[in-house]
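# Survey of secondary and tertiary structure
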Amino acid sequence: MKKVAALFVFPVLLFVAQCDPKPEDDLPELTGRVVDLADIIPPATESRLNSLLQRHEEATTDQVVVLTVESLEGLPIEDYSIRVVEKWKIGQKGKDNGVLLLVARDDREVRIEVGYGLEGELTDLYSKRIIDHRIVPEFKKGNFGEGILYGVSGILYRINSPVASEASDELSGTGSFSGTVIGEQVPAIGTPNGLDSATSTSADSSPSTSESEKGFGDWVSMILGFIFFIGIAIFALWMIQYFLRAMFFGEGAAGWVFLAAIGWIPAMVGSAIITGALDAEVGSIPFWISLIGIFGGTILLRSLFQYTDWGKKLSEKWEPDMSSSGSYSGSSYSSGSSYSSSSFSSGSSFSGGGGSFGGGGASGSW
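Residues numbered from 1 in each chain as written. Predicted model: local features only at pLDDT ≥ 70, side-chain atom pairs only at ≥ 80, totals over all residues. Heavy atoms only, no water.

### Comments concerning the overall build of the protein
Across its full length, the protein holds 13 helices and five strands. Of the contacts formed within the protein by residues at least 6 apart in sequence, a portion of 72% connects residues at least 24 apart. Accessible surface, the protein: about 20100 Å² in total, of which carbon and sulfur atoms supply 61%. (Helix = DSSP H or I, 4+ residues; strand = E, 2+ residues; numbered from the N terminus. Contact = heavy atoms within 4.5 Å. Areas by Shrake-Rupley, 256 points an atom, 1.4 Å probe, with all protein chains shown as cover.)

### So, the confidence of the model for the protein
Here the protein averages 73 in pLDDT, while 69% of its residues score no lower than 70. The model gives residues 1–10 a pLDDT under 50, and that stretch makes one contact with residues more than four places away or in other chains. Segment residues 323–348: pLDDT under 50, and 53 contacts once partners within four positions in sequence are set aside and those in other chains are kept. (pLDDT = per-residue confidence, 0-100.)

### A short note on the side chain of Thr298
Along the polypeptide, Thr298 turns up in helix α12 (residues 285–307). Engagement of the side chain of Thr298 in a polar contact is seen with the backbone oxygen of Phe295, the distance being 2.5 Å. Those residues in contact with Thr298 that sit more than four places away from it in its chain are Phe248 and Leu259. (Polar contact = N/O pair within 3.5 Å; in protein donor to acceptor, adjacent residues only side chain to side chain.)

### Let's talk about the sheet that holds strand β2 (residues 63–69)
Note on sheets: strands pair through backbone hydrogen bonds, and any given pair is parallel or antiparallel. The five strands lie next to each other as β1-β2-β3-β4-β5, forming an open sheet whose pairing is mixed. With one partner strand each, in any of the chains shown, β1 (34–36) and β5 (357–365) form the two edges of the open sheet. Averaged over all neighbouring strand pairs, the angle between strand axes comes to 10 degrees, with direction disregarded. Pairing of β2 with strand β3 (residues 98–104), which is carried by seven bridges, proceeds in the parallel orientation. Looking across to β3, one finds that Leu67 is bridged to Leu102. Packing of helix α3 (residues 77–88) onto the sheet brings it into contact with β1, β2, β3, β4 (109–115) and β5, and relative to β4 it is tilted by some 45 degrees. (Pairing = 2+ DSSP bridges. Axes fitted to C-alpha atoms, helices over the stretch in contact; angles between N-to-C directions.)

### Some remarks on the pattern of salt bridges
Scanning all chains against the criterion turns up seven salt bridges. Here Asp79 ties to Arg83 by a salt bridge, and the two come within 3.0 Å at their closest N and O atoms. In this pair, Asp79 and Arg83 both sit in helix α3, four residues apart, roughly one turn of the helix. Relative accessible area serves as the criterion here: at 16%, Asp79 is assigned to the buried category. (Salt bridge = Lys/Arg side-chain N within 4 Å of Asp/Glu carboxyl O. Buried < 20%, exposed > 50% of the residue type's maximum accessible area, 1.4 Å probe, protein only.)

### Quick look at the pairing of β3
Counted residue by residue, β3 has seven buried out of seven residues, so it is predominantly covered. Each parallel crossover has a hand, and for β2 linked through α3 to β3 it is right-handed. As paired elements, β3 and β4 share six bridges and run antiparallel to each other. Bridge pairing in β4 links Val99 to Val114. The hairpin turn running from β3 into β4, its antiparallel successor, is four residues long, and Arg108 in that turn takes a positive phi close to 55 degrees. (Right-handed = clockwise from strand over helix to strand, strands pointing away.)

### Considering the nonpolar core
Core analysis: the largest hydrophobic core is formed by 35 residues, its most contacted members being Val66, Leu101, Val110, Ile112, Leu122, Ile148 and Val152. Elements with a contribution of two residues or more to this core: α2 (43–60), β2, β3, β4, α4 (124–140) and α5 (144–158). Setting aside chain neighbours within four positions, we find Val110 in contact with Ile77, Leu101, Leu102, Val103, Ile131, Ile135, Val136, Ala362, Ser363, Gly364 and Trp366. (Core = buried A, V, L, I, M, F, W, Y, C linked by side-chain atoms within 4.5 Å.)

### A word on the packing of aromatic side chains
Summed over all chains, the structure comprises four aromatic pairs. Their ring planes at 70 degrees and their centres at 4.9 Å tell us that Phe139 and Trp366 sit as a pair that is edge-to-face. Pair noted here: Phe139 is in helix α4 and Trp366 is in the segment after β5, with a separation of 227 residues, a long-range link. Assigned by exposure class, Phe139 and Trp366 land together as buried. Residues Phe144 and Trp366 carry aromatic rings whose centres are separated by 6.0 Å and whose planes lie at 70 degrees to one another, so their mutual orientation is edge-to-face. With a gap of 222 residues between them, Phe144 in helix α5 and Trp366 in the segment after β5 connect regions that are remote in the sequence. By relative accessible area, Phe144 is classed as buried at 18%. Taking the relative accessible area as the measure of exposure, Trp366 reaches 12% and is therefore buried. (Phe/Tyr/Trp six-rings, centres within 6.5 Å; stacked < 30°, edge-to-face > 60°.)

### A look at unusual backbone geometry
With a phi close to 55 degrees, Asp39 is a non-glycine residue in the positive phi region. Here Asp39 lies in the loop between β1 and α2. Phi is positive for Thr61, which is not a glycine, with a value near 75 degrees. Within the secondary structure, Thr61 is located in the loop between α2 and β2.

In structure tokens:
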């Protein structure tokens, strides 16, 4: 009976083994933070990437790894990626703070795979935006090294890396955004001429009754009022900087909506100041020329931030997070299990630390 059962079970196991299109032994080996099997990253860029990712790991313990392959060999990129991170186990045990940037050259596909511990910061939606707006545009131009460097830069910024500014320097130099708040001085109101001089002298020479009789409650009220005023001022300044960042650096349609909604406010203020300086009236030709010119300038400035290399770099730094708590799921692969933490070792000096992945991230193509 046992022999009969063995004869039945053995062919089934053999069939299942043959159905696995990519056994673990055939997957790439983890030999460093950049594994360029497709040979698409220039040596100088690969060296810079290795240096950045090593310093990032030393500062945070996060492990960010880049893998390029020639082909996925018929597998969906989500399946291939999850198999690789299951084998490599990048990230630290218990922290699950690993990220894999996978590029398949011949299949023209790219994916960012995110460990459990970083899914709150590097969301599926933001991973998709990095791919679509940072990596793919460069890949379409054949600039694989630059596209991967842009992608790594976006990842490091999103997970609050202390070397993110250095990643930015690796692109097109440094830059900063500063704004100027224009205000008006309101002239002080003079004392009415009708006051009696004696009354005025008497009022000046005698201390105010309210000043001399302030009690504890009055002082508490003044302090609370001052604190409330400071809080309102801080909130107002935060809102101003947020709207300015959303208007100029906000990604995609949301940023253009912000520009259309509030871009006319600085245009109105600026045109009113120019019109007043020219002694013209609101609604006159100088007013409309300055209004259209300033608003057109904001459109031009936003376009520069969105469609130039140095502008994209600034956008990565200053773009506000306008995404919701939802996640992009159009191409995410879900795994029903968590992988055990065990150190992966190979002949190289770099290895994963036992991190777990659950399919978080996003995919794209060019």
